[in-house]
Amino acid sequence: MANVITDETIDYVGILAKLELSAEEKEQAKKDLAEMLDYIDQLGELDTTGVEPMSHVFPVHNVFREDVVTNGDDRDNILKNAPEEKDGMFLVPNTF
Amino acid sequence: MNILDYTAVELSAAIKKGEVTVVEATEAVLAQIEQKEAELNCYVTLDKEGALAQANDIQKKIDAGELTGPLAGVPVAIKDNMCTEGMLTTCSSKILGNFIPTYTSEAVINLQKAGAVILGKTNMDEFAMGSTTETSAFGATKNPWNTEHVPGGSSGGSAAAVAADECFYALGSDTGGSIRQPASYCGVVGMKPTYGTVSRYGLIAYGSSLDQIGPLAKDVTDCATILETIASHDLKDSTSVERDTDFTKALVDDVKGMKIGIPRSYFGDGLDADVKEKVLAAAKVLEEKGAIVEEFDLDLVEYAIPTYYTIADAEASSNLERFDGVKYGFRAEDCDELHQMYKRSRSQGFGPEVKRRIMLGSFVLSSGYYDAYYLKALKVKALIKKSFDEAFAKYDMILGPCAPTTAPKLGASLSDPMKMYLGDIYTISVNLAGLPGISVPCGVDKNGLPIGLQLIGDCFNEKKLIQAAYSYEQARGKFSLRAKEGK
């Protein structure tokens, strides 16, 4: 196995992905990530020199519209699914 | 005639003739659900009362001549990743277990305008990540042909519901084969249209550059009719395209002179012998009807899966950032501070497969690895697209299997994710290149499980696929679980 995923890498990925992993989950993630990366590494066999990365299959770029408001005030609807709300705002635990 | 024998288009015609009422059709399908659902688990949410209320309302509009379309009055099931106002929409995830959207996805609005009766929401792999519907937080769906087997995925609930007559048709979504593969496993017709054909507004995103909504149906006529109904140019989806949508015009029994290419690499190692035999027999049928069928070499097939999992997981890691316990869905209890709440809500709310993909996606996008993994995959995607362009310069369509095997047994796939990913080999490149693909039943294997024939077209060439699939279906004759059970 060419890719060795360290504990530090998993901790870092956990921060990026905003996930809190148990010790068992971390071990599994190390194994899974290394296996997938080994597999993905075969893309390295292909010479992609001068190839433009393709994010969209059609040659469409920016789709513009006139800068006018088309939607109304939807606050009450938006808050309907809030786990907690207060005074028309989302309520969250302490931020610091 | 039993109401459940009708296809969607036949049912709507019978309703307009006054032979069946919308309420009778809805009651018939609800009774079937009542009988089958405990065993199959196709639905996450079933709205019996709402369906009957819609049925009454739609009948009045049909009687008044306000609803005249080919799907008016027909009960439909919607995959649980499309938002439906006032109806639970979970993505089969604990993190959205209590989410009731305040708006409806564009594809579903298009169905409602056409007089569809929305029965409920179908089970799926959590966030559409999986090929078996076993990663659902609400239990696996069983394959109606054999309940020891999976229905495929991720639109497994939709495919199984159509196969078991728990609806007359269903909507699914396809990011790497999630409509075509379950259609293949459940013996129904499934189509993924060209990227941009159906609006993704209100579809909960997995891999945005790959996701497309499409139909799961009893036959090709229904499939073309549904696609014609849901396709629309929508300003709310900036990737939506303006194009021809008169798909039912292609329901013509004629393949004379059509050039069909069979990639040699699609029939190599790993392909089940029964699948190979039945798919090649279907090719022979098309050839006998006048199509020109020949083998060719399609490049880069083996690179599609690593490219796909890099791009899809990268997009998923970004798309699923929004589930953090603040605005909707599940929030972990007893958190002292904000960041802890994000982490705990996500860790408790997402299942293992979703976490696996978010982690891989976060990794390939991270500083230091972005160029080597994500950017490299986007470059290979360009090469894969070019390889298809070369194929479609020579052929009207590509023919092959939909999946290497028929439906595996429950529990056989999840223990080895890598093996599950490899099963996507024939469907996945279609999403990378934005192409349309259709799966049509072409027989059963030695265990009696359905096999799907896949036809792949160039972008915006759905009509060629529909015409070839329809012609094949005319020669094949009726294929359904009901027909097999002699009902």
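Residues numbered from 1 in each chain as written. Chains lettered and ligands numbered in written order. Predicted model: local features only at pLDDT ≥ 70, side-chain atom pairs only at ≥ 80, totals over all residues. Heavy atoms only, no water.

Caption draft 1: Representation of the overall build of chain B within the structure. The helix and strand tally for chain B stands at 16 helices and 11 strands. Its C-alpha atoms give chain B a radius of gyration of 21 Å, within 12% of the compact-globule value 23 Å for 487 residues. With respect to the three principal axes, the spread of C-alpha positions in chain B is 65 × 55 × 45 Å. Residues classed as buried in chain B amount to 67% of the 487 residues present. In chain B, the proportion of contacts linking residues at least 24 apart, taken out of those at least 6 apart, comes to 76%. Across chain B, the 50 positively charged side chains and the 65 negatively charged ones have centroids separated by 2 Å. (Helix = DSSP H or I, 4+ residues; strand = E, 2+ residues; numbered from the N terminus. Rg over C-alpha atoms; globule rule 2.2 N^0.38 Å. Buried < 20%, exposed > 50% of the residue type's maximum accessible area, 1.4 Å probe, protein only. Contact = heavy atoms within 4.5 Å. Lys, Arg positive; Asp, Glu negative; His and termini not counted. Charge placed at Lys NZ, Arg CZ, Asp CG, Glu CD.)

Caption draft 2: Geometry of the nonpolar core. Residue and element names in this part refer to chain B. Within the largest apolar cluster, 188 residues are counted, with the highest numbers of intra-cluster contacts made by Phe 127, Phe 168, Tyr 169 and Leu 171. Sorting elements by how many residues they give to this core places helix H12 (residues 370-394) first, with 11 residues. Here Phe 127 is in contact with Cys 91, Ser 93, Ile 95, Leu 96, Ile 204, Tyr 206, Leu 320, Phe 323, Phe 350 and Val 354, once residues within four sequence places are set aside. (Core = buried A, V, L, I, M, F, W, Y, C linked by side-chain atoms within 4.5 Å.)

Caption draft 3: Spotlight on the packing of aromatic side chains. Residues and elements named next belong to chain B. Scanning the model with the defined rule gives 17 aromatic pairs over all chains in all. Aromatic pair Tyr 103 and Tyr 201: ring centres 5.4 Å apart, planes at 45°, arrangement tilted. Taken together, the residues Tyr 103 in the loop between strand E2 (75-79) and helix H4 (106-113) and Tyr 201 in the loop between strand E5 (189-192) and strand E6 (212-217) connect sequence positions 98 residues apart. With relative accessibility at 33%, the residue Tyr 103 sits in the partly exposed group. Aromatic side chains Tyr 266 and Tyr 426 sit 5.1 Å apart centroid to centroid with 50° between the ring planes, which places their arrangement in the tilted category. A residue pair is termed long-range when its members are at least 10 positions apart, and Tyr 266 in the loop between strand E7 (259-263) and helix H8 (273-288) and Tyr 426 in the loop between helix H13 (417-422) and helix H14 (428-432) qualify at 160 residues. With respect to class, Tyr 266 is no different from Tyr 426; both count as buried. The rings of Phe 99, Phe 127, Phe 323, Tyr 328 and Phe 350 are connected pair by pair, giving a single aromatic cluster. Against the face of Tyr 201 rests Lys 236, its NZ or CZ located 4.8 Å from the ring centre. Positioned over the ring face of Tyr 328 is Lys 327, at 5.5 Å from the centre of the ring. (Phe/Tyr/Trp six-rings, centres within 6.5 Å; stacked < 30°, edge-to-face > 60°. Lys NZ or Arg CZ within 6 Å of the ring centre and 35° of its normal.)

Caption draft 4: Looking closely at the environment of Gln 42 of chain A. Inspection of the secondary structure assignment puts Gln 42 of chain A in the loop between helix H2 (23-40) and helix H3 (75-79). Aside from chain neighbours lying at most four places away, what touches Gln 42 of chain A is Glu 302, Tyr 303 and Pro 306 of chain B.

Caption draft 5: The arrangement of the interface of chain B and chain A in detail. The interface of chain B with chain A comprises 66 residues on the first partner and 50 residues on the second. For the chain B and chain A pair, buried surface summed over both sides reaches about 5,100 Å², with 69% attributable to carbon and sulfur atoms. The tally of links from chain B across to chain A stands at five salt bridges. With its nearest N and O atoms 3.1 Å apart, the salt bridge here joins Arg 331 of chain B to Glu 84 of chain A. For the interface between chain B and chain A, the tally reads 17 residue pairs in polar contact (both at pLDDT 80 or more). For the side of chain B that touches chain A, the secondary-structure elements that each account for two or more residues are helix H9 (304-319), helix H10 (338-349), helix H11 (352-365), H12 and H13 of chain B. Among the elements that line the side of chain B that touches chain A, the one with the most residues is H12 of chain B, at 11 residues. Tallied by class, residues from the side of chain B that touches chain A come to 36 nonpolar, 15 polar and 15 charged. (Buried area = accessible area lost by both parts, 1.4 Å probe. Salt bridge = Lys/Arg side-chain N within 4 Å of Asp/Glu carboxyl O. Polar contact = N/O pair within 3.5 Å; in protein donor to acceptor, adjacent residues only side chain to side chain. Nonpolar A, V, L, I, M, F, W, Y, C, P; charged D, E, K, R; others polar.)

Caption draft 6: Representation of the pairing of strand E8 (residues 292-296) of chain B within the structure. Residues and elements named next belong to chain B. Strand direction decides the pairing type here: E7 and E8, joined by five bridges, are parallel. By the bridge assignment, Lys 259 is partnered in E8 with Ile 292. A crossover links E7 with its parallel partner E8, the connecting element being H8, and its sense is right-handed. (Pairing = 2+ DSSP bridges. Right-handed = clockwise from strand over helix to strand, strands pointing away.)

Caption draft 7: Geometry of helix H1 (residues 8-16) of chain B. Residue and element names in this part refer to chain B. Within the sequence span of H1, burial applies to Ala 8, Leu 11, Ser 12, Ala 14 and Ile 15. Taken down its axis, H1 places every buried residue within 160° of arc, on the same side. On its buried face, H1 is in contact with helix H2 (22-40), helix H3 (48-63), E2, strand E4 (169-174) and helix H7 (220-230). The positive-phi residue at the C-terminal boundary of H1 is Gly 18, with phi of around 85°. (Arc of directions from axis to C-beta.)

Caption draft 8: How the structure looks around the packing of H2 of chain A against H9 of chain B. It is the contact of H2 of chain A with H9 of chain B, at a shortest axis distance of 9 Å, that shows an interaxial angle of 125°. Accordingly, the angle class assigned to the pair H2 of chain A and H9 of chain B is oblique. H9 of chain B is crossed by H2 of chain A, and the crossing has left-handed handedness. For the pair H2 of chain A and H9 of chain B, the contacting residues are Met 36, Tyr 39 and Ile 40 of chain A in the first and Ile 305, Pro 306, Tyr 309 and Thr 310 of chain B in the second. (Axes fitted to C-alpha atoms, helices over the stretch in contact; angles between N-to-C directions. Parallel < 35°, antiparallel > 145°, perpendicular 65-115°, else oblique. Left-handed = near helix turned anticlockwise from the far one by under 90°.)

Caption draft 9: Quick peek at the pattern of salt bridges. All names here are of chain B. The tally for this structure, following the rule as stated, stands at 38 salt bridges over all chains. A salt bridge links Asp 165 to Lys 218; the shortest N-O distance between them is 3.4 Å. In this pair, Asp 165 sits in the loop between helix H5 (156-163) and E4 while Lys 218 sits in the loop between E6 and H7, placing the two residues 53 residues apart along the sequence. Asp 165 gets classed as buried once you look at its relative accessible area, which sits at 5%. When the shortest N-O distance is used, the salt bridge between Arg 180 and Asp 174 registers 2.9 Å.

Everything listed here is a matter of geometry and, on its own, says nothing about what the molecule does.
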